[in-house]
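Chains, contacts and geometry: an overview
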Amino acid sequence: MRPIDFATPTSVEDALRRFDAGTAYLAGGTTLVDLMKLDVLTPDKVLDIDRLPLRGVHPRRDALHIAALERMSDVAAHRTVVQDYPVLSQALLLSASGQLRNMASIGGNLLQRTRCSYFRDITSACNKREPGSGCPAREGVNRGHAILGTSESCVATHASDLAVALVALDASVVLTGREGSRTVRLDDFYRVPGDTPHVENQLRPGEILTEVIVPSLHWARRSTYLKVRDRQSYEFALTSAAVAVDLRGRTVRDVRIAVGGVATKPWRLPHVEQALLGQPLRESAVVRAVEHAADGALPLPYNKFKPALLRRTLARALTSLAN
Ligand code: SF4
């Protein structure tokens with residue numbers, strides 16, 4: 001038994017003031033508690049921030065503002081999200097299980113750790129958990145691992161479906177620390193592993209992710225999230241695609257694409273977006289455009305199927321928006 005200090009701050013300022021080395025913030029608890037039970041995370045102090053006033057979905061003229069402690073299920077069911085940003089609602093509803101979505105917060109979802117089984121097993125080496133110890137996934141069980149954005153040090157995928165949809169929509173996160181708040185594009189927030197896979201994002205010690213901002217995009221009504229996985233419930237993506245398309249007639253006027261399950265962070269595909277501009281949203285044109293979706297991929301021994309599956313996932317997501 002290891003003693004842990006536990007406190008319930010009453011405000012964001014109070015939480016920031018109480019934070020010191022060895023502290024973990026607790027929100028919905030669906031990641032932190034799991035990892036503490038496995039001894040993967042061993043904080044000396046836990047600050048329960050779940051009751052801080054960081055709730056609500058606020059549609060404004062220029063952007064949709066989602067407070068970080070809003071529950072996944074509440075955001076998925078919010079009328080504006082369902083009507084104007086279906087890609088977000090669908091990504092949330094295809095995540096985890098109903099019980100987990102009722103507990104898990106939006107901020108926690110974006111900050112969740114990888115599902116790499118070696119990371120979650122403290123008897124295994126893992127550069128992300130213990131820098132310099134090695135990456136057994138490269139030669140081991142790697143069917144679900146990444147093929148894009150990888151390094152010699154780490155090949156773990158980013159697990160969040162919501163993050164993929166938000167990156168496609170060019171969303172930002174607000175990070176609040178003792179020095180104030182700063183806004184960072186979510187695409188820039190996440191880091192590829194390089195030789196420091198334990199540094200996963202731009203969050204500074206003590207900072208709290210307080211809000212997600214999704215810029216208004218009227219044509220995001222024509223958007224979708226397609227997730228391919230081994231079973232239809234409570235499973236992480238082998239591949240996924242978040243797409244939004246602006247059409248004039250059948251012609252693509254603008255498009256946003258991000259993919260998941262294949263990369264070490266949510267992965268934008270600007271060259272595929274470019275290839276689709278001015279094209280008819282028909283199967284033949286889409287298949288041509290997605291041909292290079294997996295360019296640069298470095299498949300591992302057990303996930304050589306992923307480049308082809310990624311192309312097919314993306315083509316299906318795009319063509320589903322034609323009507
Ligand atoms: Fe650890 Fe990353 Fe290797 Fe998994 S892929 S064992 S998380 S270093």
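Residues numbered from 1 in each chain as written. Predicted model: local features only at pLDDT ≥ 70, side-chain atom pairs only at ≥ 80, totals over all residues. Heavy atoms only, no water.

1. A word on the side chain of Arg256
Put simply, the rule is: A helix here means a DSSP run of H or I that spans at least four residues, while a strand means a run of E at least two residues long, and both kinds are numbered starting from the N terminus. Each residue gets one of three labels from its accessible area relative to the maximum for its type: buried under 20%, exposed over 50%, partly exposed in between, using a 1.4 Å probe on protein chains only. We call two N or O atoms a polar contact when they sit within 3.5 Å, provided that within protein one can donate a hydrogen and the other can accept it, with sequence-adjacent residues counted only if both atoms are side-chain atoms. Pairs of residues are marked as contacts when any of their non-hydrogen atoms sit within 4.5 Å.
Among the structural elements, Arg256 can be located in strand 11 (residues 251–260). Overall, Arg256 belongs to the buried group, its relative accessible area being 15%. Within polar-contact distance, the side chain of Arg256 engages the backbone oxygen of Ala168 at 3.4 Å. In this view, Arg256 contacts Ala168, Leu169, Asp170, Leu217, Trp219, Ala242, Val243, Ala244, Arg268 and Glu273; residues no more than four positions away in its chain are not counted.

2. Let's talk about unusual backbone geometry
Generally, phi is negative for residues other than glycine and the peptide bonds are trans, each holding for most cases. The phi angle at Ala96 is positive, at roughly 50 degrees, despite the residue not being glycine. Along the chain, the position of Ala96 falls in the loop between helix 5 (86–93) and helix 6 (98–103). In this structure Ala96 comes out as partly exposed when scored by relative accessible area, which is 26%. One non-glycine residue, Asp170, adopts positive backbone phi at about 60 degrees. Asp170 sits in the partly exposed class, given a relative accessible area of 25%.

3. A look at the packing of aromatic side chains
Formally: Only rings of Phe, Tyr and Trp enter the pairing, Trp through its six-membered ring, and a pair is recorded when the two centres are within 6.5 Å. The plane angle decides the type: under 30 degrees is stacked, over 60 is edge-to-face, the rest tilted.
Taken as a whole and judged by the stated rule, the model has two aromatic pairs. Arranged with centres 5.2 Å apart and planes meeting at 35 degrees, the rings of Phe19 and Tyr25 form a pair that is tilted. Given the relative accessible area of 16%, Phe19 is considered buried. Taking 5.3 Å as the distance between ring centres and 65 degrees as the angle between the ring planes, the aromatic pair formed by Phe189 and Tyr190 counts as edge-to-face. Of the two residues, Phe189 and Tyr190, both sit in the buried class.

4. A word on the site of the ligand
Applied cut-off: Only heavy atoms are used to decide nearness, and a residue is near a molecule or strand if one of them lies within 4 Å of it. Residues were grouped as follows: Ala, Val, Leu, Ile, Met, Phe, Trp, Tyr, Cys and Pro as nonpolar; Asp, Glu, Lys and Arg as charged; and all remaining residues, including Gly, as polar.
Residues in close proximity to the ligand total 14 residues, the closest being Cys116, Cys126, Cys135, Ser153 and Cys154. Grouping the constituent residues of the shell around the ligand by class yields ten nonpolar, three polar and one charged.

5. Some thoughts on the environment of Thr319
Note that Thr319 resides in helix 12 (residues 306–319). In sequence terms Thr319 and Leu269 are 50 residues apart; their C-alpha atoms lie 17 Å from each other. The contact partners of Thr319, leaving out residues within four places of it in the chain, are Glu283 and Val286. Here Ala315 takes part through its backbone oxygen, which lies 2.9 Å from a polar atom of the side chain of Thr319.

6. Focus: the domain arrangement of the protein
Filter applied, for reference: In this document the domain limits rely on a domain assignment from an automatic tool or a database.
Parsing the protein into structural domains produces domain 1 (1–53) and domain 2 (219–320). The C-alpha centroid of domain 2 is placed 37 Å from the C-alpha centroid of domain 1.

7. Some words on the sheet that holds strand 6 (residues 172–177)
The condition is simple: Should DSSP find at least two bridges between two strands, the strands are regarded as paired. To get an axis, fit a line to the C-alpha atoms, keeping to the stretch in contact for a helix; angles then go from 0 to 180 degrees between the N-to-C directions.
Read across the sheet, five strands follow the order 4-5-8-6-7 without closing on themselves; strand pairing throughout is antiparallel. Looking at the sheet topology across the chains shown, the edges are occupied by strand 4 (57–59) and strand 7 (180–185). Averaged over all adjacent pairs, the angle separating strand axes in this sheet is 20 degrees, with direction ignored. Looking at chain direction, strand 6 and strand 8 (residues 208–215) are connected through five bridges and run antiparallel.

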